[in-house]
Amino acid sequence: MIGSIEVVSIATVAGAIALGLLVPSPRHGARARALGVVAGAASLGLFGSQLPGWGGWLAGGVVSVVSVVTLVAAVGTISSRNPIHAALWFGLVLLGTAGLFLVAGAQFLAVATVSVYAGAILVTFLFVLMLAQPEGRAPYDRASTEPLVASAAGAVMVGILSVALGSALSGPAVEAMAARGAAARAEAIDGGSPLVHFGRELFGRHLIAVEVAGVLLFVALVGAVAIAAHVRERGGNLEVADREPQMNTDEHR
Amino acid sequence: MFLLETLIKTALVIAGLMTAAAYLVLLERWMAAWIQDRLGPNRVGIPLTRIRLFGLGQPLADGVKFFFKEEFTPSHVDKLLYFLGPAVMFTAAVAIFAVVPFGSVLPSEFGLEGMSRPIELVVAPGVDVAVLYVFAAGSIAVYGALLSGWASNNKYSMYGGLRGAAQLISYELPLGLGLVGVVLASGSLRLDVIIAQQAQSGAWNVALQPLGFLVFFVAGFAESGRLPFDLPETEQELVGGYHTEYSGVKLLLILVSEFLHMIVASFLIVILFFGGWHLWGVTGSGQEVTWPIALARVVVLLGKVLLTILFFMLARWSWPRFRFDQLMALAWKVILPLGMVNLVVLVVWVEYGAKMAAALGISNIAAMAAFGWGVFAASAAVVVWLVPGEPDNRPRRGPAWQLGPTDEEETPQ
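Residues numbered from 1 in each chain as written. Chains lettered and ligands numbered in written order. Predicted model: local features only at pLDDT ≥ 70, side-chain atom pairs only at ≥ 80, totals over all residues. Heavy atoms only, no water.

Asks: What is the right way to look at the overall build of chain B in this model?
Replies: Assigned secondary structure in chain B consists of 14 helices and 2 strands. Whereas a compact globule of 413 residues would reach a radius of gyration of roughly 22 Å, chain B reaches 24 Å, a difference of no more than 12%. With the C-alpha coordinates aligned to their principal axes, the bounding extent of chain B is approximately 90 × 70 × 45 Å. Counting every position in chain B, which comprises 413 residues, the buried fraction comes to 49%. Surface exposure of chain B reaches about 20300 Å², of which carbon and sulfur atoms provide 69%. Averaging the positions of the 25 positive and the 29 negative side-chain charges in chain B gives two centres separated by 8 Å. (Helix = DSSP H or I, 4+ residues; strand = E, 2+ residues; numbered from the N terminus. Rg over C-alpha atoms; globule rule 2.2 N^0.38 Å. Buried < 20%, exposed > 50% of the residue type's maximum accessible area, 1.4 Å probe, protein only. Areas by Shrake-Rupley, 256 points an atom, 1.4 Å probe, with all protein chains shown as cover. Lys, Arg positive; Asp, Glu negative; His and termini not counted. Charge placed at Lys NZ, Arg CZ, Asp CG, Glu CD.)

In structure tokens:
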């Protein structure tokens, strides 16, 4: 499916350069960032030119727009200096991922991604960030730790993955499948009801994994309660533990 | 053809929602006036004439006012997020209605070329995960409150946004637990299937799962942020909460989205627990419909939704607001455990209920109703027993406080 390895390599390198220039760093001025944007756009365009058609202009258009939004948001997540903006960019990444799931016919994964990650986890992040009121001026906000190594490692991984997946997913059968559109794909894979299929797979073939994950979460929950109870025990009472130190010092003054 | 159909339905839903929101504001003001023994808005009629029409022109005047007011952006706000907040909120609120049915189906003899199947009265028919989609879109709405609160760069707005986010996240859990009962009983996440099953059996879920209904109803009330639960805005403490710094069209968007949340909560309550478009002896119960029945179903569904909304408005002037710790205690200590009980009980029922009913020789529906109400009565008794009738609202002082200093205070002062 991926056209030529040369183009993919150039696109990957351009993407790595773009990331290296875009991540926060005290040495990069506005010109470096503009250059990074240009390199990133070039990388996106090169990757896009190598992608196969998606069966129909509507599905293809939706996939390209959503992919571009997701990638740009991902770059925004790691390149914005303000932690709250970074968290919001990450929310956009999650929405874009959900959109891609939806186009691929995985309805449950799409809505679960949005309601679990964007709706609960990221909101909790935002909550903490907003209470801490960071303004993006701290040194760790203004400079990323290892921009060179990070972007090089990312580029290697993206390059290997695209070439490997591209060669694995090529061939007439896959292309015929892609040309038939999302609805037909879903029909062929799981008989038209993705949810039933998903449930059977999850609680049939992957039952042990689900149970292990459940036990793990339960242990984490018990651990959190134990830590909280331990902290409160030192305060002496469950009900007033939160405000007790303050109250007591007031009393002794 | 499919695209055209979807576009027409989308336009219909959005136009209907905006009109409904405008006139529901008028209805709410009338209700307020009725309860407080005043006249309410009754002057505005047809523009440029002296015809009053009971004040039916008021929404138009309100809308025009909102658009022509000065759109003031304070200098201290985070500009981008300040604009994004209302936009996210409104988009999420409208997007929910993509999967909410506003009727049953239209008959197939529609008189259009190439239209041989019945038209389903929902923008996106056949979504397998409709119920979860509503949840996902609803959880995006949290961002609206959080963003506008934070971007306003104002302490009151900030409090409002944080309160809104905390409240919505807390009540999403019982909301889901109340919903899971219905999903377990009907075996589907599709709203149209849930309605069709209630219509088939003739017994609405509210009669079969009263405890689930109670949990869902309270949580739905809290999710829509209406008065007993309107902690995010509380005029008396936070000016306007997260929309304190907004004016003009942006304020309009926020207010309309709040109304849309109430409308969607009403739709869900009616669809999940009150049989959707089903009414005994009027609407029939099958998938094959004639024109009168199709229209009757739309009218019945919207009528039920209107009744629920009227209850929301009545509640607004009937109950005082919670305090925030009471709100959280209600969610985590009362409603969430009740939801858990409901879930466990329904799992047991789904597994053994049919066998039990057969062994007792009564019909499945009757047995389920008896079971459901029995559990309801038992949980009500437990709640009454455990929760004091006269709440002690004084700040708590535990024994440690009276017993004197603990180890940490013995350090030199």
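The structure having been displayed, the exposition proceeds.
Asks: Can you help me understand the pattern of salt bridges in this one?
Replies: For side chains bearing opposite charge, pairing can occur when the charged atoms are close. Residue and element names in this part refer to chain B. This structure, assessed with the given rule, holds 6 salt bridges over all chains. Taking the shortest distance from any N to any O, the salt bridge between Asp62 and Arg29 comes out at 3.6 Å. Here the residue Asp62 occupies a position in helix 2 (residues 58-68), and Arg29 occupies one in helix 1 (residues 2-35), the gap between them amounting to 33 residues. The partner of Glu71 in a salt bridge is Lys250, with the nearest N and O atoms 2.9 Å apart. (Salt bridge = Lys/Arg side-chain N within 4 Å of Asp/Glu carboxyl O.)

Asks: Sorry if this is basic, but what is going on with the environment of Glu211 of chain A here?
Replies: Note that Glu211 of chain A resides in helix 11 (residues 207-235). Note: C-alpha distance between Glu211 of chain A and Arg33 of chain A (178 residues apart in sequence) is 47 Å.

Asks: Looking at this model, I keep getting lost on the packing of aromatic side chains. Mind explaining?
Replies: Between two aromatic rings, the relevant description is the distance of the centres plus the angle of the planes. Residue and element names in this part refer to chain B. In this structure the tally under the stated criterion is 17 aromatic pairs over all chains. Judged by centre distance (5.6 Å) and plane angle (70 degrees), the rings of Phe217 and Phe221 are edge-to-face. Taken as a pair, Phe217 and Phe221 lie in helix 8 (residues 210-223) at a separation of 4 residues, close to a single helical turn. Note on Phe217: relative accessible area 16%, which makes it buried. Given a relative accessible area of 5%, Phe221 falls into the buried group. Ring pairing ties together the aromatic residues Tyr171, Trp204, Phe213, Phe216, Phe217, Phe221, Phe229, Phe273, Phe274, Phe311, Phe312 and Phe322, which thus form one cluster. Here the guanidinium or amino end of Lys65 rests over the ring plane of Phe66, the centre of that ring lying 5.5 Å away. (Phe/Tyr/Trp six-rings, centres within 6.5 Å; stacked < 30°, edge-to-face > 60°. Lys NZ or Arg CZ within 6 Å of the ring centre and 35° of its normal.)

Asks: When you look at unusual backbone geometry in this model, what are you seeing that I'm missing?
Replies: Apart from glycine, the bulk of residues carry a negative phi angle, and the bulk of peptide bonds sit in the trans form. Residue and element names in this part refer to chain B. Phi is positive for Asp37, which is not a glycine, with a value near 60 degrees. Checked against the element boundaries, Asp37 lands in the loop between helix 1 and helix 2. On the basis of relative accessible area, Asp37 is assigned to the exposed category, the value being 73%. Residues other than glycine seldom take positive phi values, yet Asn153 does so here, at roughly 55 degrees. Here Asn153 is to be found in the loop between helix 4 (130-151) and helix 5 (155-186).

Asks: Mind showing me how you'd approach the confidence of the model for chain B here?
Replies: Predicted coordinates in areas of low pLDDT are best not read in detail. Residues and elements named next belong to chain B. Of the residues in chain B, 91% reach a pLDDT of 70 or more, and the chain-wide mean stands at 81. The element-level mean pLDDT for chain B is lowest in helix 14 (residues 399-403), coming to 48, with helix 8 highest at 89. Across the interfaces of the predicted complex, the ipTM metric reaches 0.77, alongside a pTM of 0.81. (pLDDT = per-residue confidence, 0-100.)

Asks: Just checking my understanding: could you explain the packing of helix 1 of chain B against helix 11 (residues 291-316) of chain B for this structure?
Replies: Residues and elements named next belong to chain B. The contact between helix 1 and helix 11 brings their axes to 10 Å, and the two run at 45 degrees. The angle between helix 1 and helix 11 falls in the class oblique. Crossing geometry of helix 1 relative to helix 11 is assigned as right-handed. For the pair helix 1 and helix 11, the contacting residues are Leu24, Leu27, Glu28, Met31, Trp34 and Ile35 in the first and Leu306, Ile309, Leu310, Met313, Leu314 and Arg316 in the second. Residues that form the contact of helix 1 with helix 11 fall into these classes: 10 nonpolar, no polar and 2 charged. (Axes fitted to C-alpha atoms, helices over the stretch in contact; angles between N-to-C directions. Parallel < 35°, antiparallel > 145°, perpendicular 65-115°, else oblique. Left-handed = near helix turned anticlockwise from the far one by under 90°. Contact = heavy atoms within 4.5 Å. Nonpolar A, V, L, I, M, F, W, Y, C, P; charged D, E, K, R; others polar.)

Asks: Whenever I open this one, helix 2 (residues 30-50) of chain A confuses me. Can you help?
Replies: The periodicity of an α-helix, 3.6 residues per turn, causes residues three or four positions apart to be oriented the same way. All names here are of chain A. In this model, helix 2 (21 residues) spans 31 Å end to end at C-alpha, consistent with the 30 Å of a helix rising 1.5 Å per residue. Where helix 2 is concerned, the buried positions are Ala32, Gly36, Ala39, Gly40, Ser43 and Gln50. Relative to the axis of helix 2, the buried residues are bounded by an arc of 105 degrees and lie together on one face. Exposed side chains of helix 2 directed beyond 90 degrees from the buried face belong to Ala30, Arg31, Val37 and Val38. On its buried face, helix 2 is in contact with helix 1 (5-22). (Expected span 1.5 Å × (residues − 1). Arc of directions from axis to C-beta.)

Asks: Help me out: how do you make sense of the packing of helix 5 (residues 107-132) of chain A against helix 4 of chain B in this one?
Replies: Helix packing geometry: the angle between the two helix axes and the distance between the axes. Contact pair helix 5 of chain A / helix 4 of chain B: the axes reach a minimum separation of 8 Å and the direction vectors enclose 20 degrees. One way to sum up the angle between helix 5 of chain A and helix 4 of chain B is to call them roughly parallel. The interaxial crossing formed by helix 5 of chain A with helix 4 of chain B has left-handed handedness. Contacts between helix 5 of chain A and helix 4 of chain B pair Phe108, Val111, Val114, Ser115, Ala118, Gly119, Leu122, Val123, Leu126 and Met130 of chain A from the former with Leu132, Tyr133, Ala136, Ser139, Ile140, Val142, Tyr143, Leu146 and Trp150 of chain B from the latter.

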